[in-house]
Amino acid sequence: MSATIIRNGRVIDPANKRDEVADLLIVDGNVAPLSQLSTLDSQPDEIDANDLIVCPGLIDIHVHLREPGFGHKETIESGARAAAAGGFTTIVCMPNTSPAADNSSTIAWIKNRAAGACVNVLPTGAISKDLAGEELAPIGSLAQAGVVAITDDGHCVQNHELMRRAVEYARMVGVPVLDHCQDYNLAGSGVVNEGYWSTLLGLPGWPAAGEEVIVMRNILLAELCDNHIHCQHVTTAGSVRLLRQARARGVKISGEVCPHHIALTDEAIQSFDTNYKMNPPLRAQADVDALLEGISDGTLSILVSDHAPHADFEKEVEFDAAPFGIIGLETELGLFLDLLLHKHAKIDIVRLIEMYTIEPARLLKIDAGTLSIGGPADMTLIGPDLEWTVKVDKFESASRNSPFDGRKLKGRAVRTIVGGKTVWRV
Amino acid sequence: MTTRWTRKDLLGLRELSADEINFVLETADAFKQVGAREIKKVPALRGKTLVNFFVEPSTRTRTSFELAAFRLSADVINISASISSLTKGETLKDTARNLEALHADILVLRHSSAGAPQFLAQRLKASVINAGDGAHEHPTQALLDLYTIREKRGKIAGLHVAIIGDILFSRVARSNIFGLVKLGARVTLVGPSTLVPREFEKLGVEVSYKIDNVLPHADVVNLLRIQHERQRKEYFPGTGEYTRFFGLTKQRAKLLKPDCLIMHPGPINRGVEIDSNVADGLQSVILDQVTNGLAVRMAVLFLCGGIAT
Amino acid sequence: MKQAKQNSPDFVPIMGAEAIRRALRRIAHEIIERNPRLEKVVLAGIPSRGIEIAQRIAAFIREIEKIDIETGVIDVAMHRDDVGTRPDLPVVRASKLPLPLEERTVIIVDDVLYTGRTIRAAMDAINSFGRPARIQLAALVDRGHRELPIRPDYVGKNLPTAGSERVWVRLEQTDSEPDEVRLEKQ
């Protein structure tokens with residue numbers, strides 16, 4: 001029997017409507033009632049959580065772990081360590097691997113690898129075969145193999161009929177649909193937001209409408225098929241407006257937001273630094289403001305990183321030629337705490353924890369994100385006011401493609417506990 | 001007026017001050033005069049190696065840089081995309097570092113990606129001269145355009161310059177806009193609404209879709225080459241309709257003030273953006289632009305290649 | 001600040017306006033003596049003060065001989081041998097010489113003659129315009145320390161200096177300050 005007691009933390013557990021300074025007992029990897037203290041055969045290990053928040057382990061439902069196929073960018077193992085270092089106990093990996101996660105054997109391979117990782121790694125499956133947007137992937141088999149959702153992330157099904165059938169089929173097998181919203185014709189060869197900076201720099205622009213068209217499509221299909229569609233990495237004011245209206249009507253639609261889309265604007269691209277190249281691109285200040293409002297009023301309900309590792313040699317090329325994406329697991333919590341709580345005061349810490357715990361757990365119908373007695377002791381200890389400086393060189397991730405190196409942030413995770421075991425501490 | 005030049009690279013006109021632009025133009029005066037000498041060659045860059053690194057085809061700009069380098073006594077190597085190892089999958093960074101390992105002092109880069117010169121300038125000791133990057137900047141073309149306007153009209157401030165054509169995809173247009181606005185010209189962009197989005201107004205210029213309203217007031221018209229290639233098919237219906245709405249036809253040329261200059265960065269599509277006779281007419285300074293391009297490029301190579309790095 | 005500097009012992013006045021006037025007038029006389037065919041003489045000033053000095057000498061010659069001799073400008077920047085060694089560059093001026101140069105005597109005019117490298121560059125520059133009959137050299141001040149086998153034909157003042165010292169020349173038109181030559185100890 002192993003036991004740990006976390007003393008004097010501010011326990012925030014939105015699922016159980018709990019917010020109080022208390023001790024928390026872990027016995028044999030599960031959350032246990034304090035009453036069990038007296039029955040322990042030995043003294044429990046103690047963790048002092050004075051001035052810290054103790055909350056359910058955070059969940060990031062949008063990461064790229066690159067395996068199988070691109071182990072030089074990240075592995076499931078290194079990505080899991082990065083997640084732990086960012087305060088995450090559960091991460092959901094995207095299917096754009098090689099081979100793509102569009103079949104049950106690839107899912108089995110990923111789950112096998114994930115079993116050895118230091119945090120919970122849950123796979124998603126593809127919507128379409130080889131993410132090509134032409135034929136349905138075996139969604140039922142993928143569900144049986146244990147995917148928590150289907151998505152073609154990195155790609156977007158352009159054929160609305162195919163997408164409609166995918167959403168209908170997914171309802172039958174009970175998996176939610178996540179969608180990367182990008183109309184290929186409107187986005188074209190765009191590498192940055194279409195606007196002032198693309199005009200000034202002559203870089204091909206991808207307009208806000210290229211995202212909004214698909215967000216609208218998804219709203220219509222969610223209504224038509226009566227199944228939930230979750231819009232990944234929402235970036236534009238128009239998308240926020242569409243989602244807000246649709247959710248007010250009761251449509252089963254939701255949206256998530258990445259930290260870089262509220263921390264930065266497309267002004268950053270003037271350096272031609274490819275660490276500012278991501279998809280969807282950094283948008284204008286008006287979009288950032290709308291995203292903040294969307295977070296504040298609940299339109300955007302989930303926070304994610306879109307952790308997208310790339311090797312230095314891949315990113316250190318011409319802007320046009322560089323792959324999209326940045327790593328984010330080890331900076332996202334710090335950025336969101338810094339921006340949403342401290343700088344813009346858009347939400348409180350309880351809501352932020354909800355957006356990282358019960359909201360994603362509900363969407364994916366997974367048993368995580370609570371501190372309920374008897375449940376797995378996955379938890380994150382957060383120092384909400386701790387000041388720190390991002391040092392990319394110290395990251396656990398196998399890649400270094402972050403634009404936030406050197407940035408000073410307020411707030412971070414200080415300890416990550418998975419199944420009662422500390423997997424990372426500051 | 002700036003009295004010293006301190007840049008090793010020329011990446012674009014957006015980063016230059018008005019003083020620096022004038023500094024280059026004055027230096028170009030001196031180099032233009034070299035062309036009138038019995039020996040049209042000076043030893044300024046003797047012993048220096050210039051690499052013309054063209055990762056996108058160009059004959060005019062490459063030739064102009066090459067001749068400018070010869071006249072400055074530099075040694076020149078030409079590398080184009082077809083023969084360079086870029087096509088074999090080597091990265092731009094590796095190729096450039098190889099060139100530097102061969103002690104290239106000046107790298108003149110033409111590249112299809114915006115920002116490629118910045119990318120190299122940050123990583124190389126050699127001077128990097130942008131000879132056109134994507135739709136971003138083409139600083140020496142804009143400098144020679146400015147030089148030609150200044151030479152023919154004696155000034156730039158207060159002049160009304162119309163830039164006509166495919167602005168959206170044009171690096172020549174962008175560099176001209178930055179330079180002209182800095183030197184106090186009034187700039188009007190003219191072309192199909194798909195190729196001249198209103199967003200350009202935020203750069204301090206006017207946008208017009210009615211060429212006939214602009215021509216009578218222009219002191220300079222700069223016509224850009226219009227192409228109806230695959231990637232442009234969605235932007236305008238065709239060259240016939242383009243000429244009807246935006247071509248500088250013989251009829252339209254009559255709207256111009258008698259002293260209005262007609263410019264074109266070349267190569268010209270005769271009968272498309274400009275009538276053939278108008279291109280060869282008295283108001284045309286298209287060949288002066290070519291001559292001045294040599295002086296301007298000599299000045300740029302001398303300045304950027306002539307400072308200690 | 002400037003006043004304080006001028007009065008400090010680090011500045012030694014060498015020539016005032018009157019001394020400069022007399023020196024240039026003497027050079028004019030010497031040029032007349034040594035060049036019987038004055039109409040073939042070109043005074044080529046090196047920017048920026050050499051240009052003003054050349055014009056003043058030409059004015060003296062006009063005063064003395066009632067003849068207008070030609071002046072020109074010879075910018076040496078693109079002929080220098082130290083390109084690539086400086087952190088910044090001054091603006092280059094266009095050279096202007098009456099052409100053709102054949103059968104002419106070009107007199108290079110500069111304010112201070114020092115290592116001789118500028119003069120070598122000037123001779124190269126002149127040669128790129130053509131082949132003059134002869135090239136001569138006039139300097140307001142010769143401070144010595146030659147690094148090349150170059151000797152002036154006309155000198156306003158020989159001024160022995162240390163390498164660490166600096167010769168300051170100010171001319172009314174070029175500098176908008178009163179004419180003066182002074183020695184600055186570094």
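Residues numbered from 1 in each chain as written. Chains lettered and ligands numbered in written order. Predicted model: local features only at pLDDT ≥ 70, side-chain atom pairs only at ≥ 80, totals over all residues. Heavy atoms only, no water.

(A) Geometry of the environment of Asn 193 of chain A. Residue and element names in this part refer to chain A. Checked against the element boundaries, Asn 193 lands in strand β10 (residues 192–193). Distance from Asn 193 to Thr 265, taken between C-alpha atoms, is 9.2 Å for residues 72 residues apart in sequence. Look past the residues within four positions of Asn 193 in its chain and what remains in contact with it is Ser 198, Gly 205, Trp 206, Ala 208, Asp 266, Pro 281, Leu 282, Arg 283 and Ala 284. Side chain to side chain, Asn 193 and Arg 283 meet in a polar contact 2.8 Å long. (Helix = DSSP H or I, 4+ residues; strand = E, 2+ residues; numbered from the N terminus. Contact = heavy atoms within 4.5 Å. Polar contact = N/O pair within 3.5 Å; in protein donor to acceptor, adjacent residues only side chain to side chain.)

(B) Inspection of the environment of Phe 65 of chain B at higher detail. Residues and elements named next belong to chain B. Mapping Phe 65 onto the fold places it in helix α2 (residues 60–71). The exposure class of Phe 65 is buried, given its relative accessible area of 0%. Residues Phe 65 and Ser 276, 211 residues apart in the sequence, show an inter-C-alpha distance of 27 Å. In this view, Phe 65 contacts Asn 52, Val 108, Ile 129, Ala 131, Thr 140, Arg 297 and Leu 301; residues no more than four positions away in its chain are not counted. (Buried < 20%, exposed > 50% of the residue type's maximum accessible area, 1.4 Å probe, protein only.)

(C) Summary view of helix α5 (residues 139–153) of chain B. Residues and elements named next belong to chain B. Between its first and last C-alpha, α5 extends 21 Å over 15 residues, near the 21 Å set by a 1.5 Å rise per residue. Among the 15 residues that make up α5, 11 are buried, leaving the element largely enclosed by the rest of the structure. The set of residues buried in α5 consists of Pro 139, Thr 140, Gln 141, Ala 142, Leu 143, Leu 144, Asp 145, Leu 146, Tyr 147, Thr 148 and Ile 149. Gly 154 sits one or two residues past α5 and shows a positive phi near 80 degrees. (Expected span 1.5 Å × (residues − 1).)

(D) Fine view of the interface of chain B and chain C. Counting residues at the interface gives 25 residues for chain B, matched by 22 residues for chain C. A buried area of about 2,100 Å², summed over both sides, lies between chain B and chain C, and 59% of it is on carbon and sulfur atoms. At the boundary of chain B and chain C, one finds two salt bridges. The salt bridge involving Asp 88 of chain C is made with Arg 4 of chain B; its shortest N-O contact spans 3.2 Å. Per-element accounting of the side of chain B that touches chain C gives the leading share, eight residues, to helix α1 (residues 18–34) of chain B. Within the side of chain B that touches chain C, the residues separate by chemical class into 14 nonpolar, five polar and six charged. (Buried area = accessible area lost by both parts, 1.4 Å probe. Salt bridge = Lys/Arg side-chain N within 4 Å of Asp/Glu carboxyl O. Nonpolar A, V, L, I, M, F, W, Y, C, P; charged D, E, K, R; others polar.)

(E) View of the side chain of Ser 113 of chain B. With respect to the element layout, Ser 113 of chain B can be found in the loop between β4 (106–111) and α4 (116–121). Judged by its relative accessible area of 6%, Ser 113 of chain B falls in the buried class. Non-local contacts of Ser 113 of chain B, meaning those with residues more than four positions away in its chain, are made with Glu 318 and Asp 320 of chain A together with Asp 133 and Gly 134 of chain B.

(F) Layout of the nonpolar core. Counting residues in hydrophobic clusters, the biggest one holds 179 residues, and the most contacted among them are Leu 301 and Phe 302 of chain B. Broken down by element, this core gets its largest block of residues, nine residues, from helix α11 (residues 286–306) of chain B. Looking at which domains feed residues into this core, each of domain 1 (3–53 + 375–425) and domain 2 (57–364) of chain A supplies at least three. What Phe 302 of chain B contacts, discounting residues up to four positions off in sequence, is Thr 27, Phe 31, Ala 44, Leu 45 and Leu 72 of chain B together with Ala 77, Met 78, Val 83, Leu 89 and Val 92 of chain C. Counting 31 residues, the second largest nonpolar core, distinct from the first, contains Ile 20, Leu 43, Ala 58 and Val 181 of chain C. (Core = buried A, V, L, I, M, F, W, Y, C linked by side-chain atoms within 4.5 Å. Domains from an automatic or database assignment.)

(G) Representation of the sheet that holds strand β10 (residues 261–263) of chain B in the model. All names here are of chain B. What the five strands build is an open sheet, ordered β8-β7-β6-β9-β10; its pairing is parallel. The strands lining the two open edges of the sheet, one partner per strand, are β8 (206–208) and β10. Geometrically, the sheet is characterised by an average inter-axis angle of 20 degrees between neighbouring strands, direction not taken into account. Pairing between strand β9 (residues 220–223) and β10: three bridges, direction parallel. Bridged to Val 220 within β10 is Leu 261. (Pairing = 2+ DSSP bridges. Axes fitted to C-alpha atoms, helices over the stretch in contact; angles between N-to-C directions.)

(H) Region of the structure containing the interface of chain B and chain A. Across the contact, 22 residues belong to chain B and 17 residues belong to chain A. Around 1,600 Å² of area is buried between chain B and chain A when both sides are counted, 58% of it from carbon and sulfur atoms. Counting the contacts that link chain B with chain A gives two salt bridges. For Lys 93 of chain B, the salt bridge is made with Glu 316 of chain A, and the minimal N-O distance between the two is 3.0 Å. The interface formed by chain B and chain A contains seven residue pairs in polar contact (both at pLDDT 80 or more). Elements supplying a minimum of two residues to the side of chain B that touches chain A: α3 (92–101), α4 and α6 (171–182) of chain B. The element best represented in the side of chain B that touches chain A is α4 of chain B, accounting for three residues.

(I) View of the packing of α1 of chain B against α5 of chain B. Residues and elements named next belong to chain B. Between α1 and α5, the least distance of the axes is 10 Å, while the angle of their chain directions is 75 degrees. The pairing of α1 with α5 is recorded here as roughly perpendicular in orientation. On α5, the residues touching Ile 21, Val 24, Leu 25, Glu 26, Ala 28, Asp 29 and Lys 32 of α1 are Leu 143, Leu 146, Tyr 147, Arg 150 and Glu 151. In the contact of α1 with α5, the residues fall into seven nonpolar, no polar and five charged. (Parallel < 35°, antiparallel > 145°, perpendicular 65-115°, else oblique.)

(J) Structural detail: the pairing of strand β6 (residues 160–164) of chain B. Residues and elements named next belong to chain B. Across the five residues that make up β6, a large majority, five, are buried. What you see with β6 is no split at all: His 160, Ala 162 and Ile 164 on one side and Val 161 and Ile 163 on the other are buried throughout. For the crossover from β6 across α6 to strand β7 (residues 186–190), the handedness is right-handed. Relative to β9, β6 is paired through four bridges, and the arrangement is parallel. Bridge pairing in β9 links Ala 162 to Val 221. (Right-handed = clockwise from strand over helix to strand, strands pointing away.)

(K) Main features of the domain arrangement of chain A. Residues and elements named next belong to chain A. Taken as a whole, chain A is organised into domain 1 (3–53 + 375–425) and domain 2 (57–364). Each partner contributes residues to the interface: domain 1 has 36 residues there, and domain 2 has 47 residues. With both sides pooled, the region where domain 1 packs onto domain 2 buries about 3,200 Å², and carbon together with sulfur makes up 64% of that total. The largest share of the area that domain 1 buries against domain 2 comes from Glu 396, Asn 401 and Phe 404, three residues that together contribute 21% of it. Between the two partners, domain 1 and domain 2, sit one salt bridge. Taking the shortest distance from any N to any O, the salt bridge between Arg 81 and Glu 396 comes out at 2.8 Å. One can count 18 residue pairs in polar contact (both at pLDDT 80 or more) joining domain 1 with domain 2. Contributing elements (two or more residues each) for the side of domain 1 that touches domain 2: β1 (3–13), β15 (379–389), β16 (408–418) and β17 (421–425).

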